[in-house]
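Chain by chain, the residues run as shown.
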Amino acid sequence: MIEHPPQRQHPRYPIQIPFLHKAKTAAPAKAGVGWTRNVSEGGVCVELAEPLRPEMPLWVRLQTEAGPIDMEAQVTWAAEHGIPRGGIPHGVAFTQIAPYHHSALQNMIHSKGLIRPTKVRLPFDVCVTCQPKGQARPPLHGRTRDISRGGLLLRLPEVVPPETVMQVTVHTSPGPLTVEGAVAWVAPPEGRAPGGPIRHGLRFTRPTWSTSLAFGSLLVESL
């Protein structure tokens, strides 16, 4: 196992991915979910639903598009209050990580942190129902392809113009989740398969912490 000291020794990158944590105790502990604010080889800053005490030992999982990264960790600090539309910030230092997961962490940082910022998209394929706001028309039925904390990639049967605001109901196994978002982009004609679904990028316009937690839980629940 690779040992990491609790103090920060590594550059941090603004990567946002789901974060699963569970207290290391003799009795079974309930798992919690949050989102990272930044990531390094030595630790993360995360937003969590409830405060954890400093020095608490944890088992943690980072959910990446290449799969989960598991390790042992320790809480180093916790903020007194949450942030707008977010959770309570915490500092978490990695204390033990297997070489395979350490390599996966390095690869994720180098591919995401150094090339493109923040909201990493993760595979997410479920049915959706989309209703453009203020338009008296039947809803559109489609599917998602991937998700980030800031939005969804939708596959829809027809073009919805950019900047259109929609209510999107995501049909998940625990139940439907409804979010509001604006179409950020539409795949150009030359990038579409004849007769196939049309890709749309949806940017969440009214994200809430509860919705972020729900999506985070969905992304790690089967792991």
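In the block above lies the structure referred to throughout.
Residues numbered from 1 in each chain as written. Predicted model: local features only at pLDDT ≥ 70, side-chain atom pairs only at ≥ 80, totals over all residues. Heavy atoms only, no water.

### Some thoughts on the overall build of the chain
Under the convention used in this document: Strands here are runs of E lasting at least two residues and helices are runs of H or I lasting at least four, both read from the DSSP assignment and numbered beginning at the N terminus. The atom set for the radius of gyration is the C-alpha atoms, and the globule formula is 2.2 Å times the number of residues raised to the power 0.38. When a residue's accessible area, from a 1.4 Å probe over protein chains only, is under 20% of the maximum for its type it is buried; when over 50% it is exposed; and in between it is partly exposed. Should any heavy atoms of two residues lie within 4.5 Å, those residues are counted as being in contact. Per-residue and other accessible areas were derived by the Shrake-Rupley procedure at a 1.4 Å probe size, with only the shown protein chains allowed to occlude residues. Here the positive residues are Lys and Arg and the negative ones are Asp and Glu; neither His nor the chain ends is included. Charged side chains are reduced to one point each, which is NZ for Lys, CZ for Arg, CG for Asp and CD for Glu.
A count of helical and extended segments in the chain gives two helices and 16 strands. By the compact-globule yardstick of 17 Å for 223 residues, the chain fits well, its C-alpha radius of gyration being 19 Å. Taken along the three principal axes of its C-alpha coordinates, the chain extends 55 × 30 × 30 Å. Here the chain holds 223 residues, and 47% of them are scored as buried. In the chain, once contacts between residues fewer than 6 apart in sequence are set aside, the share between residues at least 24 apart is 58%. Surface exposure of the chain reaches about 11100 Å², of which carbon and sulfur atoms provide 56%. Separation between the mean location of the 23 positive side-chain charges and that of the 16 negative ones in the chain comes to 5 Å.

### Re the side chain of D70
Basically, it comes down to this: Residues adjacent in sequence count toward polar contacts only when both atoms are side-chain atoms; beyond that, a polar contact is any pair of N or O atoms within 3.5 Å, and within protein one must be able to donate a hydrogen and the other to accept it.
When you line up the elements, D70 lands in strand 7 (residues 67-78). At 2.5 Å, the side chain of D70 forms a polar contact with the side chain of R61. Apart from the residues within four sequence positions on either side, D70 is in contact with W59, V60, R61, I97 and H101.

### Some details on the pairing of strand 8 (residues 88-97)
Definition in use: Only when DSSP finds a minimum of two bridges between them are two strands counted as paired.
Taken across its ten residues, strand 8 has eight buried, putting it largely inside the fold. Here strand 5 (residues 43-48) runs beside strand 8; their pairing, made up of six bridges, is antiparallel. Looking across to strand 8, one finds that G43 is bridged to A93. As paired elements, strand 7 and strand 8 share six bridges and run antiparallel to each other. The residue bridging A73 from the neighbouring strand is F94, located in strand 8.

### Regarding the side chain of T36
Structurally, the position occupied by T36 is in strand 4 (residues 32-39). There is a polar contact of 2.7 Å between the side chain of T36 and the backbone oxygen of I15. What T36 contacts, discounting residues up to four positions off in sequence, is I15, Q16, I17, F19, V44, C45, V46 and L62.

### Remarks on the pairing of strand 6 (residues 57-64)
Of all eight residues that make up strand 6, six are buried, and the element is covered over most of its length. In sequence, strand 6 turns back onto strand 7 through a hairpin of two residues.

### As for the packing of aromatic side chains
How we decide: Here is the rule: rings of Phe, Tyr and Trp (six-membered ring for Trp) pair when centre to centre is within 6.5 Å. Planes less than 30 degrees apart are stacked, more than 60 are edge-to-face, and the remainder are tilted.
Enumeration according to the criterion identifies two aromatic pairs in this entry. Relative to F215, the ring of F124 has its centre 6.1 Å away and its plane inclined at 90 degrees; by these criteria the two rings are edge-to-face. Taken together, the positions of F124 in the loop between strand 10 (122-123) and strand 11 (127-132) and F215 in helix 2 (residues 209-220) put the pair 91 residues apart, joining distant regions of the chain. Judged by relative accessible area, which is 3%, F215 ranks as buried. Aromatic pair F204 and F215: ring centres 6.0 Å apart, planes at 5 degrees, arrangement stacked. With F204 in strand 16 (residues 198-204) and F215 in helix 2, this residue pair connects regions lying eleven residues apart in the sequence. Residue classification places F204 among the buried positions, given a relative accessible area of 11%.

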